[in-house]
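Observations on the three-dimensional arrangement
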Amino acid sequence: MDNITFTDIFKSSFLEKTSSFSIIDSLLGLLAAFFIGLFIYWVYKKTFSGVIYSHTFNITLIVMTMATALIIMGISSNILLSLGMVGALSIVRFRTPIKDPMDIVYIFWAIVTGILCGAGFIPLAVLGAVLIGLVLLLFINKVKVENPYLLVVRYDEAAIEAPIERVVAEHARKHSIKSKSVMPGSHEITYEVRIKQNDMNFVNILSHIDGVESAIMLSYDGNFTA
């Protein structure tokens, strides 16, 4: 019976894969992914316009860029491993809700950058990062987006609808009725409004109309469920 040495155990496949592995190319790809990920981190921080800034999410963009590059490096030289990795990743489900649609843009940007760095297209990743960063910095910081509001007015009889409509038409740039509900002794109407220069004083005017029980202004992201 022949003696089996430690080298014989790994001779068939392990050493072949190790010999085809380039440490220098891998380090260059990971370093490029890290620095471009830092650039994505900086652009996200500069362009964030929400109320609560998530530092954890921003750090995740850097890690996602490097992790994607690492995956691409691992599967680029072995088709069997690539098929297995795709099958493994297909069962992953992300349950964290994305509150801002722009966050999806940054996630996709980080993934694409990681793919390019892992595949060796570092100049293309750098060029794309510069152009995308300039577009985001220019449009998000310079272009003013006027978000609509939801105005919910509760009143006691239908005859008050005309004065309510008149006040809303006078003080809002645009308005449209989103829903209306009638209950015994109570009515409720919901408007989508775009106000003039953040002027919300007309809500006080509505609340002082005889028969109006309440007038509520809510922030609105464009999605509505009746």
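What you see is a predicted model, and the numbers here were worked out from it, not measured in a lab.

**A look at the overall build of the protein chain**
- When helices and strands are counted, the protein chain shows 9 helices and 4 strands.
- Traced from its N-terminal end to its C-terminal end, the protein chain shows the element sequence α-α-α-α-α-α-α-β-α-β-β-α-β.
- Taken over 226 residues, the protein chain has a buried fraction of 28%.
- For the protein chain, the share of sequence-separated contacts (at least 6 apart) that also reach a separation of at least 24 residues comes to 71%.
- Total accessible area on the protein chain stands at roughly 15,400 Å², and carbon and sulfur atoms take up 65% of it.

**Considering the nonpolar core**
- Ranked by internal contacts, the top residues of the largest apolar core, which has 20 residues, are Leu151, Ile164, Val193 and Leu206.
- For this core, the secondary-structure elements that each account for two or more residues are strand E1 (149–155), helix H8 (161–171), strand E3 (186–195), helix H9 (202–207) and strand E4 (212–219).
- Apart from the residues lying within four places of it in its own chain, the contact partners of Leu206 are Leu151, Val153, Ile164, Val167, Val168, Val212 and Ala215.

**Considering the packing of helix H4 (residues 55–75) against helix H6 (residues 101–119)**
- The interhelical angle for the contact between H4 and H6, taken along N-to-C directions, is 30 degrees, at an axis separation of 7 Å. Here H4 is positioned roughly parallel relative to H6, judged by the angle of their axes. The way H4 lies across H6 gives a crossing that is right-handed. When H4 is examined against H6, the residues Phe57, Leu61, Met64, Thr65, Thr68, Ala69, Ile72 and Met73 are found in contact with a partner set consisting of Asp103, Tyr106, Ile107, Ala110, Ile111, Thr113, Gly114, Ile115, Cys117, Gly118 and Ala119.
- Here the residues of the contact of H4 with H6 sort into 13 nonpolar, 5 polar and 1 charged.

**Considering the sheet that holds strand E2 (residues 172–183)**
- On the basis of which strands lie adjacent, the open sheet formed by 4 strands has the order E2-E3-E1-E4 and antiparallel pairing. Looking along the sheet, the strands with just one partner apiece sit at the ends: E2 and E4. For this sheet, the mean inter-axis angle between neighbouring strands, taken without regard to orientation, is 20 degrees.
- Here E1 pairs with E4 via 7 bridges, running antiparallel. By the bridge assignment for E4, Tyr149 is matched with Ser219.

**Quick notes on the side chain of Ser186**
- Tracing the backbone shows Ser186 in strand E3.
- Note on Ser186: relative accessible area 13%, which makes it buried.
- Setting aside its immediate chain neighbours within four residues, Ser186 contacts Arg154, Tyr155, Asp156 and Glu213.

**What to know about the packing of helix H3 (residues 23–47) against H4**
- For the pair H3 and H4, interaxial distance at closest approach is 9 Å and the crossing angle is 155 degrees. By the angle between their directions, the pair H3 and H4 is classed as roughly antiparallel. In the crossing of H3 with H4, the sense of the turn from one axis to the other is right-handed. Taken together, the residues of H4 that come into contact with H3 (itself represented by Asp25, Ser26, Gly29, Leu30, Ala33, Phe34, Gly37, Leu38, Ile40, Tyr41, Tyr44 and Lys45) are His55, Phe57, Asn58, Ile59, Leu61, Ile62, Thr65, Met66, Ala69, Leu70 and Met73.

**Some words on the pattern of salt bridges**
- The tally for this structure, following the rule as stated, stands at 3 salt bridges.
- For Arg154, the salt bridge goes to Glu188, with nearest N and O atoms at 2.6 Å. A residue pair is termed long-range when its members are at least 10 positions apart, and Arg154 in strand E1 and Glu188 in strand E3 qualify at 34 residues.
- When its relative accessible area of 35% is taken as the criterion, Arg154 is described as partly exposed.
- Residues Glu161 and Lys180 are paired through a salt bridge, measuring 2.7 Å at the closest nitrogen-oxygen approach.

**Describing the confidence of the model for the protein chain**
- Averaged over all residues, the pLDDT of the protein chain is 78; the fraction at 70 or higher stands at 73%.
- The secondary-structure element of the protein chain with the lowest mean pLDDT is helix H2 (residues 14–19), recorded at 49, while H3 shows the highest, at 91.

Each value, and the rule that gives it
- Residues numbered from 1 in each chain as written.
- Predicted model: local features only at pLDDT ≥ 70, side-chain atom pairs only at ≥ 80, totals over all residues.
- Heavy atoms only, no water.
- Helix = DSSP H or I, 4+ residues; strand = E, 2+ residues; numbered from the N terminus.
- Buried < 20%, exposed > 50% of the residue type's maximum accessible area, 1.4 Å probe, protein only.
- Contact = heavy atoms within 4.5 Å.
- Areas by Shrake-Rupley, 256 points an atom, 1.4 Å probe, with all protein chains shown as cover.
- Core = buried A, V, L, I, M, F, W, Y, C linked by side-chain atoms within 4.5 Å.
- Axes fitted to C-alpha atoms, helices over the stretch in contact; angles between N-to-C directions.
- Parallel < 35°, antiparallel > 145°, perpendicular 65-115°, else oblique.
- Left-handed = near helix turned anticlockwise from the far one by under 90°.
- Nonpolar A, V, L, I, M, F, W, Y, C, P; charged D, E, K, R; others polar.
- Pairing = 2+ DSSP bridges.
- Salt bridge = Lys/Arg side-chain N within 4 Å of Asp/Glu carboxyl O.
- pLDDT = per-residue confidence, 0-100.

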